[in-house]
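# Coordinate analysis (summary)
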Amino acid sequence: MKKIILIFAAGYLLFTPAVFAQTVRVAAAANLQAVIQALQKDFKARSDIEIEPVIGSSGKLVAQIKNGAPFDVFLSADMAFPQDLYKNGFALQQPQIYAYGSLIICSNKDIGFENWPRTLLTDRVKKIAIANPSIAPYGKAAQGALASKGILDDVKNKIVYGESISQVNTYITTGNVEVGFTTLALIMDPANKTKLYWKAINPKIYEPIAQGAVIIKATVNKAAALKFYGYLFGADAKKIFAQFGYHVK
């Protein structure tokens, strides 16, 4: 009996690293919360490699990576954060753009978005949710859109900041705010059952939301991370991104 237990234990030690090598820990920006699940399922079917996503604002994920969090791949909501990782020696290569995000204005009430800047100035809107622009690129884009329309100062007392787009989405869907600026992916997410009213923001009035990815230099699963990274830029992943409202090239 002792011999069998020892053999089993040895086998477990032999195969455990191989199992862990087939799991890629992905730090994913909050706007990707829905699409990462679809990518996870598709990539697993094609490669037999598991994806373990951790969702958060791009800025907070970068801080975690710099503090040694064991991620293999980082999917940002912009190019600045992954470029910062590369510049400071935390990424294997220059970031590449995997998709472009789309900003929308959204509510769970039909308050009218035909002239959304005017709507935001009315008494009907008491709270406007945007993600924290210092750590969340979609929040920065929302701030840019408000500034472009010349109403940022007029509505600043109405603005409620979420830590990430995920928190903004919660504010919107629960009605804790009348209006929020978020990603089109919220509307395209089949898991969202809340009736929402929305309008796409003209992309000419905010900086393009070019979303970049890098492989983390400290990865212990380099082969699997490289496979997932390559998959992100292939036709199968691009099709999924497009289904969730992202622009791909």
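Scroll up a little and you will see the structure.
Quick look at the structure, then. Along each chain, the written sequence defines residue order, and numbers are assigned to residues from 1. Only residues with pLDDT of at least 70 are given local features in this predicted model, and only at 80 or more are side-chain atom pairs given and counted; all residues enter the totals for whole chains, interfaces and linings. Just so you know, side-chain values use all the structure's heavy atoms and leave hydrogens and water out.

Between helix α2 (residues 35-47) and helix α11 (residues 235-243), whose axes approach to 10 Å, the crossing angle comes to 155°. Overall, the two elements α2 and α11 adopt an arrangement that is roughly antiparallel. Between α2 and α11 the crossing geometry is right-handed. Counted together, V35, A38, L39, D42 and R46 of α2 and D236, A237, I240 and F241 of α11 form the full contact between these two elements. Side-chain classes are defined by residue name, with Ala, Val, Leu, Ile, Met, Phe, Trp, Tyr, Cys and Pro counting as nonpolar, Asp, Glu, Lys and Arg as charged, and the others, Gly among them, as polar. Taken together, the residues of the contact of α2 with α11 sort by class into 6 nonpolar, no polar and 3 charged. Between N-to-C directions, angles span 0 to 180 degrees; the directions come from axes that are lines fitted to C-alpha atoms, helices contributing only their stretch in contact. Secondary structure counts use DSSP, requiring at least four H or I residues in a row for a helix and at least two E residues in a row for a strand, with both numbered from the N terminus. By definition in this entry, angles of less than 35 degrees are roughly parallel, angles greater than 145 are roughly antiparallel, angles of 65 to 115 are roughly perpendicular, and the rest are oblique. The hand of a helix crossing depends on one turn: near helix anticlockwise from the far one by less than a right angle means left-handed, and clockwise means right-handed. Residues are treated as being in contact if the distance between any of their heavy atoms lies within 4.5 Å.

Take the sheet that holds strand β6 (residues 128-131) next. On the basis of which strands lie adjacent, the open sheet formed by 5 strands has the order β7-β6-β8-β5-β9 and mixed pairing. Because the sheet does not close on itself, it has two edges, and the strands there are β7 (159-162) and β9 (197-200). If you compare each strand with its neighbour and ignore which way they point, the axes differ by 30° on average. As paired elements, β6 and β7 share 4 bridges and run parallel to each other. Bridge pairing in β7 places I130 opposite Y161. On the sheet, helix α8 (residues 165-174) packs against β5 (103-107), β6, β7 and β8 (179-183) and is oriented at approximately 140° with respect to β8. If DSSP finds at least two bridges between two strands, the strands pair.

This part covers the packing of aromatic side chains. Here is the rule: rings of Phe, Tyr and Trp (six-membered ring for Trp) pair when centre to centre is within 6.5 Å. Planes less than 30 degrees apart are stacked, more than 60 are edge-to-face, and the remainder are tilted. Taken as a whole, this structure holds 7 aromatic pairs when the rule is applied. A ring pair is formed by Y229 and F233, whose centres lie 5.1 Å apart and whose planes are at 65°; its orientation type is edge-to-face. A residue is classified by how much of its surface remains accessible, and F233, at 21% relative accessible area, is partly exposed. Arranged with centres 5.8 Å apart and planes meeting at 80°, the rings of F241 and Y246 form a pair that is edge-to-face. One exposure class covers both F241 and Y246, and it is buried. Among the aromatic residues, those joined into a ring-pair cluster are F43, F228 and Y231. The classification of residues rests on relative accessible area computed with a 1.4 Å probe and restricted to protein chains. Under 20% of the type maximum is buried, over 50% is exposed, and intermediate values are partly exposed.

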